[in-house]
Amino acid sequence: MKKKLCYLATLSVIIFVLSACAVSYHPAKNGVSGYRDVQVDSAIFHIEYTEGIYTDWWQLHQFALKRCAEIASDRGYKFFDVTSKEEKIVFLKSNADQIVVSNTGVLAGNASAPSAFEMKDKKVEGRRVTYTIKLTND
């Protein structure tokens, strides 16, 4: 019984940690992460999706393809053809001036010790996928 309870507690912690790291599909309104698109011609669009370096390429492609499908659907098209795609590492400008990391003090006698890291004008590594699509009904 005790072993089963320990297993469930460990599993709960793992699920909590993984869910905290999950990224969500969203437009890049005022930030650097998310999707952006631009119409190049009447039925041709460029779509890019950008996230931090810890988001895997597969997830970025899924988000970008979702945006491609939304664009086609919103404009009354049934399909889209991918005419090009690209993966690249990018360096994103940070909006944060400072990040504070706190040590919780693992041992009973250790007090919490925050550390501050200056971020102003530093760049953060990220990933970007870019698609060019042509909308079609054929």
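Whatever comes next refers back to the structure up there.
What counts, and where the lines are drawn
Residues numbered from 1 in each chain as written. Predicted model: local features only at pLDDT ≥ 70, side-chain atom pairs only at ≥ 80, totals over all residues. Heavy atoms only, no water. Helix = DSSP H or I, 4+ residues; strand = E, 2+ residues; numbered from the N terminus. Buried < 20%, exposed > 50% of the residue type's maximum accessible area, 1.4 Å probe, protein only. Contact = heavy atoms within 4.5 Å. Pairing = 2+ DSSP bridges. Salt bridge = Lys/Arg side-chain N within 4 Å of Asp/Glu carboxyl O. Phe/Tyr/Trp six-rings, centres within 6.5 Å; stacked < 30°, edge-to-face > 60°. Lys NZ or Arg CZ within 6 Å of the ring centre and 35° of its normal.

It is worth spelling out the overall build of the chain at this point. Looking only at helices and strands, the chain features two helices and six strands. For the chain, the succession of helices and strands along the chain, N to C, is α-β-β-α-β-β-β-β. When each of the 138 residues of the chain is scored for burial, the buried share is 24%. Considering only contacts within the chain whose residues lie at least 6 apart along the sequence, 67% involve residues at least 24 apart.

A few words on the side chain of T130. One can find T130 in strand 6 (residues 123-136). Judged by its relative accessible area of 18%, T130 falls in the buried class. Contact partners of T130, with chain neighbours within four places excluded, come to I47, E48, S84, K85 and E86.

With ten of 14 residues buried, strand 6 lies mostly within the body of the structure. Examined bridge by bridge, strand 2 (residues 44-52) and strand 6 share nine bridges and lie antiparallel to one another. Pairing of Y49 across the sheet is with V129, part of strand 6.

A separate point is the pattern of salt bridges. If you walk through the whole model with that rule in mind, you get four salt bridges. We note a salt bridge from R67 to D37, for which the minimum N-O separation is 2.6 Å. Residue R67 is located in helix 2 (residues 57-74), and its partner D37 is located in strand 1 (residues 34-41); the two are separated by 30 residues in the primary sequence. We classify R67 as buried; its relative accessible area is 13%. By relative accessible area, which is 30% here, D37 ends up partly exposed.

Relative to the helices and strands, T55 is located in the loop between strand 2 and helix 2. Looking at T55, the relative accessible area reads 9%, which means it is buried. Aside from chain neighbours lying at most four places away, what touches T55 is V23, L60 and R127.

This part takes up the packing of aromatic side chains. In the structure shown here, the tally under the stated rule is five aromatic pairs. For the ring pair Y25 and F63, a centre distance of 5.8 Å and an interplane angle of 50° mean the geometry is tilted. Taken together, the positions of Y25 in the loop between helix 1 (2-20) and strand 1 and F63 in helix 2 put the pair 38 residues apart, joining distant regions of the chain. Among the residues examined, F63 registers a relative accessible area of 9% and is labelled buried. Judged by centre distance (4.9 Å) and plane angle (40°), the ring pair of Y49 and F63 falls under tilted. Taken together, the positions of Y49 in strand 2 and F63 in helix 2 put the pair 14 residues apart, joining distant regions of the chain. Both residues of the pair, Y49 and F63, belong to the buried class. One aromatic cluster is present, formed by Y25, Y35, Y49 and F63 through successive ring pairs. Positioned over the ring face of Y25 is K66, at 4.3 Å from the centre of the ring.

Moving on: the environment of R67. R67 sits 18 residues away from Y49 along the chain, and the two C-alpha atoms are 8.9 Å apart. In this view, R67 contacts Y25, Y35, D37 and I47; residues no more than four positions away in its chain are not counted.

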